[in-house]
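Chain by chain, the residues run as shown.
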Amino acid sequence: MSTLLIRRATLLATLDAQRREIADGAVFARGGVIEAVGPTAELPQTADEVVDARDQVVLPGLVNTHHHMYQTLTRVIRPAQDCELFEWLRTLY
C-alpha cells in the first residue's frame, strides 16, 4: 500500500474531542487511511509521497465535496453550529 506524509503544516487542526491544534503538524496515511497525526518530528520522515504543508492549515480527515470558500470563515459562528441546513442558512444570511 502506498503511503502519504503531509508534514510541516503551520497548524494541524485535529477536530478531535480535545480540539487539539498542533503547530508544525503532520499526517501519515497508508492506503488512503490516516494512521497518525502529530508534530512533524514525531511522525515518520519518509513516505511514497511527501507533501510540504509549510504556511498551510491542515484538517486531516475532512472530506468536503461541495463548498463555497467564503463560507469557511462562517464555521465558527456559534449560533449556526449544529443547525440543520435551512436554519444554518437563515442564521448566516
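Below is a short write-up of the structure. All values derive from a computational prediction rather than experimental measurement.

Conventions and cut-offs
Residues numbered from 1 in each chain as written. Predicted model: local features only at pLDDT ≥ 70, side-chain atom pairs only at ≥ 80, totals over all residues. Heavy atoms only, no water. Pairing = 2+ DSSP bridges. Helix = DSSP H or I, 4+ residues; strand = E, 2+ residues; numbered from the N terminus. Salt bridge = Lys/Arg side-chain N within 4 Å of Asp/Glu carboxyl O. Buried < 20%, exposed > 50% of the residue type's maximum accessible area, 1.4 Å probe, protein only.

### As for the pairing of strand β2 (residues 21-30)
Pairing between strand β1 (residues 3-13) and β2: eight bridges, direction antiparallel. The residue bridging L5 from the neighbouring strand is F28, located in β2. Across six bridges, β2 lies against strand β3 (residues 33-39) in antiparallel orientation. Bridge pairing in β3 places A26 opposite G38. Linking two consecutive strands that pair antiparallel, namely β2 and β3, is a turn of two residues; a positive phi of about 60 degrees is found at G31 within it.

### What about the pattern of salt bridges?
Enumeration according to the criterion identifies five salt bridges in this entry. The closest approach of N and O atoms between D52 and R8, which form a salt bridge, is 3.6 Å. In this pair, D52 sits in strand β4 (residues 49-52) while R8 sits in strand β1, placing the two residues 44 residues apart along the sequence. As a salt-bridge pair, R30 and E35 come within 2.6 Å of each other at their nearest N and O atoms. Residue classification places R30 among the partly exposed positions, given a relative accessible area of 35%. The structure contains a network of salt bridges with shared partners spanning R8, D52 and R54.

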